[in-house]
Amino acid sequence: MGEHNSRVAVVTGASRGAGKGIALALGAAGDTVYVTGRSRNEGDAPLPGTVAATAEAVTAAGGVGIPLYCDHADDQQVQAIFRQIQEEQGRVDILVNNATSLHDALTQKGPFWEKPLELTDIWNVGMRSHYAATWYAAPLLLASEQALVVNTSSFGGRIYMHGPAYGAGKAAVDKMAHDMAVDFRPYNVAVVSIWMGLLLTERTRLVFEAEPEMYADLAETCESPQFTGRVIDALHRDSERMARSGKVWVGAELAEAYGIVDVDGRQPPSHRAFFGAPTTFGDAVVE
């Protein structure tokens with residue numbers, strides 16, 4: 001069993017990108033962080049990063065990083081990782097559902113029917129996998145005194161962004177957070193969806209480096225992959241976090257409310273002015 005004053009966190013899809021950054025930020029907060037993903041060795045994916053490398057970086061940041069290899073398209077593998085966490089920790093305090101399938105053609109221009117049908121894979125790893133991970137994690141979340149579930153999302157849940165496959169996937173995880181919050185509320189488990197800004201990930205860096213002049217202004221508004229992790233850390237520590245449960249939040253706005261800055265000291269901007277307010281859902285509950 002881990003020390004009780006050390007939070008137990010699970011971050012899915014953490015070999016690289018947002019997941020890796022969130023895991024590092026939680027590690028810097030002193031958490032025991034289980035990081036999941038498929039990349040065992042460099043070269044397993046087109047972009048750099050492995051589950052073990054992220055876990056090592058979490059430990060180096062001040063936490064305890066534990067790598068768990070898992071394909072979130074496979075329910076049996078997902079069940080197995082939570083069984084292991086049950087045996088080792090007995091609870092989960094923070095679950096970050098971040099694993100997702102992003103096809104290389106995602107940002108390709110043109111109507112959806114000219115893009116590969118495989119863009120809908122985000123409905124499996126991204127939408128369904130968030131549900132499955134939370135389903136298997138539920139007993140562990142209930143065992144925590146104050147658990148938090150976060151679905152990472154984007155303004156694509158509200159506006160046209162990358163086409164209908166991506167939009168449907170993000171809208172779904174936003175609604176899922178709202179509905180799961182209803183079921184979890186009696187057990188003091190908060191569930192939110194956080195809209196991240198443009199992240200300066202390995203994938204984004206490649207795009208920017210290819211055409212630096214075109215993206216110079218955009219780069220100034222980017223969030224580091226760790227930024228959302230800092231927000232999640234503060235949200236979990238918020239004594240009023242249950243009042244935020246069941247809602248969609250802009251990460252940059254939560255950061256401002258909590259007095260959090262990015263790793264470089266900047267205050268990343270909210271894109272509400274361009275894309276509009278977060279999605280809101282009705283209060284009625286039909287059992």
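Because the structure is a prediction, the values reported are computed rather than measured. (Residues numbered from 1 in each chain as written. Predicted model: local features only at pLDDT ≥ 70, side-chain atom pairs only at ≥ 80, totals over all residues. Heavy atoms only, no water.)

Peer 1: Give a description of the overall build of the chain that names residues and reports values.
Peer 2: Looking only at helices and strands, one finds 11 helices and 7 strands in the chain. Relative to the 2.2 N^0.38 estimate, which gives 19 Å for 287 residues, the radius of gyration of the chain is 18 Å and therefore close to what a compact globule would have. A burial count over the chain gives 51% of its 287 residues as buried. Taking the intrachain contacts of the chain between residues at least 6 apart in sequence as the baseline, contacts between residues at least 24 apart amount to 71%. Looking at the chain as shown, the accessible area adds up to about 13,500 Å², and 53% of this sits on carbon and sulfur atoms. Separation of charge centres in the chain, based on 23 positive and 35 negative side chains, amounts to 2 Å. (Helix = DSSP H or I, 4+ residues; strand = E, 2+ residues; numbered from the N terminus. Rg over C-alpha atoms; globule rule 2.2 N^0.38 Å. Buried < 20%, exposed > 50% of the residue type's maximum accessible area, 1.4 Å probe, protein only. Contact = heavy atoms within 4.5 Å. Areas by Shrake-Rupley, 256 points an atom, 1.4 Å probe, with all protein chains shown as cover. Lys, Arg positive; Asp, Glu negative; His and termini not counted. Charge placed at Lys NZ, Arg CZ, Asp CG, Glu CD.)

Peer 1: Describe the packing of helix α8 (residues 227-237) against helix α10 (residues 251-258), and please don't skip the residues or the numbers.
Peer 2: α10 packs onto α8 with a crossing angle of 55° between their chain directions and a minimal axis gap of 9 Å. In terms of orientation, α8 and α10 fall into the oblique class. For α8 against α10, the interelement crossing comes out left-handed. Counting all contacts with α8, which are made through F227, V231, A234 and L235, the residues of α10 involved are G251, A252, L254, A255 and Y258. Considered class by class, the residues forming the contact of α8 with α10 number 8 nonpolar, 1 polar and no charged. (Axes fitted to C-alpha atoms, helices over the stretch in contact; angles between N-to-C directions. Parallel < 35°, antiparallel > 145°, perpendicular 65-115°, else oblique. Left-handed = near helix turned anticlockwise from the far one by under 90°. Nonpolar A, V, L, I, M, F, W, Y, C, P; charged D, E, K, R; others polar.)

Peer 1: Lay out the nonpolar core in plain terms, naming residues and giving numbers.
Peer 2: Grouped together as the largest cluster of nonpolar side chains are 40 residues, with contacts concentrated most on V11, L26, V33, V35, L148, I194 and I232. Counting residues per element, this core draws most heavily on α8, at 5 residues. For V33, the residues in contact, after removing those within four places along its chain, are A9, V11, A23, L26, G27, V58, V64, G65 and I66. Residues V8, V78, I85 and V92 belong to the second largest nonpolar core, which totals 27 residues. (Core = buried A, V, L, I, M, F, W, Y, C linked by side-chain atoms within 4.5 Å.)

Peer 1: Lay out the packing of aromatic side chains in plain terms, naming residues and giving numbers.
Peer 2: Across all of its chains, the model carries 4 aromatic pairs by this definition. Their ring planes at 85° and their centres at 5.2 Å tell us that F112 and W113 sit as a pair that is edge-to-face. For the residue pair F112 and W113, the accessibility class agrees, reading exposed in each case. Relative to F275, the ring of F155 has its centre 5.3 Å away and its plane inclined at 55°; by these criteria the two rings are tilted. (Phe/Tyr/Trp six-rings, centres within 6.5 Å; stacked < 30°, edge-to-face > 60°.)

Peer 1: Got a sec to walk through the packing of helix α1 (residues 17-28) against helix α2 (residues 51-61)? Specific residues and values, please.
Peer 2: At their nearest, the axes of α1 and α2 sit 7 Å apart, and the two run at 30° to each other. Between α1 and α2, the interaxial angle falls into the category roughly parallel. The two elements α1 and α2 meet at a crossing, and its hand is right-handed. Together, K20, A23, L24, G27 and A28 of α1 and T54, A57, V58 and A61 of α2 make up the contact between the two elements. Counted by class, the contact of α1 with α2 contains 6 nonpolar, 2 polar and 1 charged residues.

Peer 1: Any chance you could break down empty space enclosed by the protein for me, citing the residues and the numbers?
Peer 2: Enumeration according to the criterion identifies 3 cavities of 30 Å³ or more in this entry. Put simply, the largest cavity is a space of about 40 Å³. Along its surface, the largest cavity is lined by S101, L102, H103, L106, L119, I122 and Y166. Partitioning the lining of the largest cavity into residue classes produces 5 nonpolar, 2 polar and no charged. (1 Å grid on protein atoms, 1.4 Å probe; cavity = no way out; pocket = protein on both sides within 12 Å on 5 of 7 lines; lining within 4 Å. Points joined across faces, edges and corners; volume = space filled by probe spheres on them.)

Peer 1: Go over the layout of surface pockets with me, naming the residues and quoting the values.
Peer 2: If you add up the space inside the second largest pocket, you get close to 250 Å³. By residue number, the principal contributor to the lining of the second largest pocket is helix α5 (residues 164-184), which donates 3 residues. Grouping the amino acids of the lining of the second largest pocket by side-chain chemistry returns 7 nonpolar, 6 polar and 3 charged.

Peer 1: So what's going on with unusual backbone geometry? Residues and values would help.
Peer 2: With a phi angle near 65°, H162 is a residue other than glycine that sits in the positive phi range. You can see H162 is positioned in the loop between β5 (148-153) and α5. Classification of H162 by relative accessible area gives partly exposed; the value is 29%. Backbone geometry places N188, a non-glycine residue, at a positive phi of 65°. Along the chain, N188 falls in the loop between α5 and β6 (190-195).

Nothing here speaks to function; it is geometry throughout.
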